[in-house]
Amino acid sequence: MADMFKRVPVREQDAKVRATNFEEVCYGYNKEEAMEEAARCLNCKNAKCIQGCPVSINIPGFISKVKDGDIEGAYKVIGESSALPAICGRVCPQESQCECKCVRGIKGDPVSIGKLERFVADYALENDIKPQKAEKMNGHKVAVIGSGPSGLTCAGDLAKLGYEVTVFEALHELGGVLVYGIPEFRLPKEKVVKKEIEKVKELGVKFETNVVIGKSTTIDQLMEEENFEAVFIGSGAGLPMFMGIPGETANGVFSANEYLTRSNLMKAFDDSYDTPIAAGKKVAVVGGGNVAMDAARTALRLGAEVHVIYRRSEAELPARVEEVHHAKEEGVIFNLLTNPKEILVDENGWVKGMKVIKMELGEPDASGRRRPIEIPGSEYEIEVDTVIMSLGTSPNPLIASTTEGLETNRRKCIVAEEENGQTSKACVFAGGDAVTGAATVILAMGAGKAGAKGIHELLSQK
Ligand SMILES: Cc1cc2nc3c(=O)[nH]c(=O)nc-3n(C[C@H](O)[C@H](O)[C@H](O)COP(=O)(O)OP(=O)(O)OC[C@H]3O[C@@H](n4cnc5c(N)ncnc54)[C@H](O)[C@@H]3O)c2cc1C
């Protein structure tokens, strides 16, 4: 008899083996394991887990179908709320959203909602289960900027309602951070991201790549010359931040975005591609978020000894617990309560080390976390040949600076209503990281849904 207080463990690639390859870390559940885990769900009437999900998936509804072995039925239930479940099942922070609300979690492990979602979605991809298409088109034309999770969700929801939707993407590949940011070993591109985007295409959404809105054309031109009646901006927050310390412009200093883009999108880890990457012998990754963990684990797989440099303590690390756990298992070294002061550069302009200082925690700051304070006289040097800065990102100002009447705030984020994505400009909506600053896949999807709702409310009146 299974222990109802414990979740069914999920199979993973061995830590020592996976530290040397880019294959997916987690194998996910098979059908028997999924049905056993689904049987732990109490099918609560007032399901708190749904309130924890930013796109309100009917979680007990899909789990009860899994329990009965009706996986196609479970996929249909998820599909009512989410267009990207195989992605969310892998990268959503379930522990702080749906799973932390699960009643099972009071006395034992919460139900493994994320792993069940992933199982159902993978089953649908493997068995090519088609999404529900609109019965007829409604004659309205909408443009979506950006093919990340917010744009894909907005486009998918509008297509299901019968809109003619075109997504304009600046890069040559679709998916936004899902393809250029999150590494292959967490989110496989061919097996998962591309296939899930195919499902959005099957809804009738058209995609145009290599179109940079603000350069190739503008929002005003799309509306005035190409007859798009509404536009959704889901252009993300891809502009990296730096510390402004000496040595930051040396060779061998990367933003995490650039480092990960070279590895993920330009396949620098694959010898058959011609993409250079500083595959350093000793790498320092500055920062403690998910992006820092991805950069650290990528550098490790490229053969380096990797040090994460983070100015607060382990309790304040913003990365998902699972990511920190995996990084440690694989051999990433954490230098906590430590902050860079200077990047040391050799006579040829290459990184040769980093001067750091020890920190202690003071009173909580505006973010609610205890403020890190330098300990005078505690500076020391570490030897590194590559530095990856992972300090956060902000939206690129290009779109706002080329669109008449589009308001942004002091963080360069587009100002938009939370419930419907309406911006300061008529018929222009926005959501995702472009509005909130760097956040999460599921919040971007939630904003894409809100934007689709706002556009539908506007255009269905016409
Ligand atoms: C390395 C990394 C790891 C992460 N890990 C996680 C995780 O584990 N879990 C999680 O929930 N979140 C994670 N995130 C955050 C998450 O990926 C983002 O919050 C999410 O992708 C934001 O979605 P979006 O649609 O707003 O923007 P994006 O995904 O950034 O997509 C924006 C798209 O717009 C395009 N674009 C930009 N400007 C233009 C223009 N002018 N014209 C045309 N197209 C344009 C971009 O090329 C891009 O494709 C991670 C982020 C990074 C960088």
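How each quantity is defined
Residues numbered from 1 in each chain as written. Predicted model: local features only at pLDDT ≥ 70, side-chain atom pairs only at ≥ 80, totals over all residues. Heavy atoms only, no water. Buried < 20%, exposed > 50% of the residue type's maximum accessible area, 1.4 Å probe, protein only. Helix = DSSP H or I, 4+ residues; strand = E, 2+ residues; numbered from the N terminus. Contact = heavy atoms within 4.5 Å. Pairing = 2+ DSSP bridges. Domains from an automatic or database assignment. Buried area = accessible area lost by both parts, 1.4 Å probe. Axes fitted to C-alpha atoms, helices over the stretch in contact; angles between N-to-C directions. Polar contact = N/O pair within 3.5 Å; in protein donor to acceptor, adjacent residues only side chain to side chain. Right-handed = clockwise from strand over helix to strand, strands pointing away. Near = heavy atom within 4 Å. Areas by Shrake-Rupley, 256 points an atom, 1.4 Å probe, with all protein chains shown as cover. Nonpolar A, V, L, I, M, F, W, Y, C, P; charged D, E, K, R; others polar. Patch = residues over 30% accessible without salt bridge, like charges linked within 9 Å, V, L, I, M, F, W, Y side chains within 5 Å. Salt bridge = Lys/Arg side-chain N within 4 Å of Asp/Glu carboxyl O.

1. A word on helix 5 (residues 71-79)
Listing the buried residues of helix 5 in full gives Ile71, Gly73, Ala74, Tyr75, Val77 and Ile78. On its buried face, helix 5 sits against helix 2 (31-38), helix 4 (59-67), helix 6 (85-91), helix 7 (113-126) and helix 10 (189-202).

2. A few points about the pairing of strand 13 (residues 351-364)
Taken together, the 7 bridges between strand 12 (residues 338-345) and strand 13 define a ladder with antiparallel strand orientation. Considered in strand 13, the bridge of Asn339 is made with Ile357. The turn joining strand 12 and strand 13, which pair antiparallel and follow one another in sequence, is formed by 5 residues; a positive phi near 85° is taken by Gly349. By the bridge criterion, 3 bridges tie strand 13 to strand 15 (residues 380-382) in an arrangement that is antiparallel. Bridging from a neighbouring strand, Lys355 pairs with Glu381 of strand 15. Pairing geometry for strand 13 and strand 14 (residues 370-374), over 4 bridges, is antiparallel.

3. A word on the domain arrangement of the chain
Segmentation of the chain into domains returns domain 1 (15-126), domain 2 (141-238 + 394-459) and domain 3 (242-391). Once you take the C-alpha centre of each, domain 1 and domain 2 turn out to be 26 Å apart. Between domain 1 and domain 2, the residue contacts involve 25 residues of the former and 25 residues of the latter. Roughly 2,200 Å² of surface becomes buried between domain 1 and domain 2 when both sides are summed, with 72% attributable to carbon and sulfur atoms. When the area that domain 1 buries against domain 2 is broken down by residue, the three leading residues are Leu84, Ile87 and Leu125, summing to 28%.

4. Section: the sheet that holds strand 6 (residues 230-233)
The strands that make up a sheet are held in pairs by hydrogen bonds between backbone atoms, and each pair lies either parallel or antiparallel. An order of 5-4-3-6-18 is seen for the 5 strands of this open sheet, with the pairing classed as parallel. Every interior strand has two partners, whereas the edge strands, strand 5 (206-208) and strand 18 (428-430), have only one. Across the sheet, the mean angle from the axis of one strand to that of its neighbour is 20°, orientation sign disregarded. Sheet topology note: the strand 3 (residues 141-145)/strand 4 (residues 164-168) ladder contains 5 bridges and is parallel. Paired with Val144 across the bridge in strand 4 is Val167.

5. With respect to the side chain of Arg301
Along the chain, the position of Arg301 falls in helix 13 (residues 290-301). On the accessibility criterion, Arg301 (7% relative accessible area) is buried. Side chain to side chain, Arg301 and Glu330 meet in a polar contact 2.8 Å long. In this structure, Arg301 is in contact with Arg18, Ala19, Asn21, Phe22, Val25, Phe185 and Glu330, ignoring residues within four places of it in sequence.

6. Looking at the pairing of strand 10 (residues 305-309)
Side-chain direction in a regular strand flips from residue to residue, so the side chains alternate between the two faces of the sheet. Of all 5 residues that make up strand 10, 4 are buried, and the element is covered over most of its length. A crossover connection joins strand 9 (residues 282-286) to the parallel strand 10 through helix 13; in handedness this β-α-β unit is right-handed. As paired elements, strand 10 and strand 11 (residues 333-335) share 3 bridges and run parallel to each other. Note on strand 11: the bridge partner recorded for Val308 is Phe334. Considered for its hand, the β-α-β crossover made up of strand 10, helix 14 (residues 321-330) and strand 11 is right-handed.

7. Digging into the site of the ligand
What surrounds the ligand is a group of 35 residues, the closest being Val91, Ser150, Glu169, Arg186 and Asp433. Here an oxygen atom of the ligand sits 2.8 Å away from a polar atom, N or O, in the side chain of Ser150. Taking Ala170, its main chain carries an N or O atom lying 3.1 Å from a nitrogen atom of the ligand. Protein burial of the ligand: of its 1,000 Å² of free accessible surface, 93% is covered by the chains. The set of elements that each furnish at least two residues to the shell around the ligand consists of helix 8 (149-160), helix 9 (177-180), helix 13 and helix 17 (441-459). Of the residues forming the shell around the ligand, the biggest block, 3 residues, is contributed by helix 13. The residue makeup of the shell around the ligand, split by class, is 19 nonpolar, 12 polar and 4 charged. For the shell around the ligand, the domains that each give at least three residues are domain 2 (141-238 + 394-459) and domain 3 (242-391).

8. Notes on a nonpolar patch on the surface
On the surface, a nonpolar cluster with roughly 290 Å² of combined accessible area is contributed by Leu42, Val103 and Ile106. Relative to the helices and strands, Leu42 resides in the loop between helix 2 and helix 3 (48-52). Overall, Leu42 belongs to the partly exposed group, its relative accessible area being 47%.

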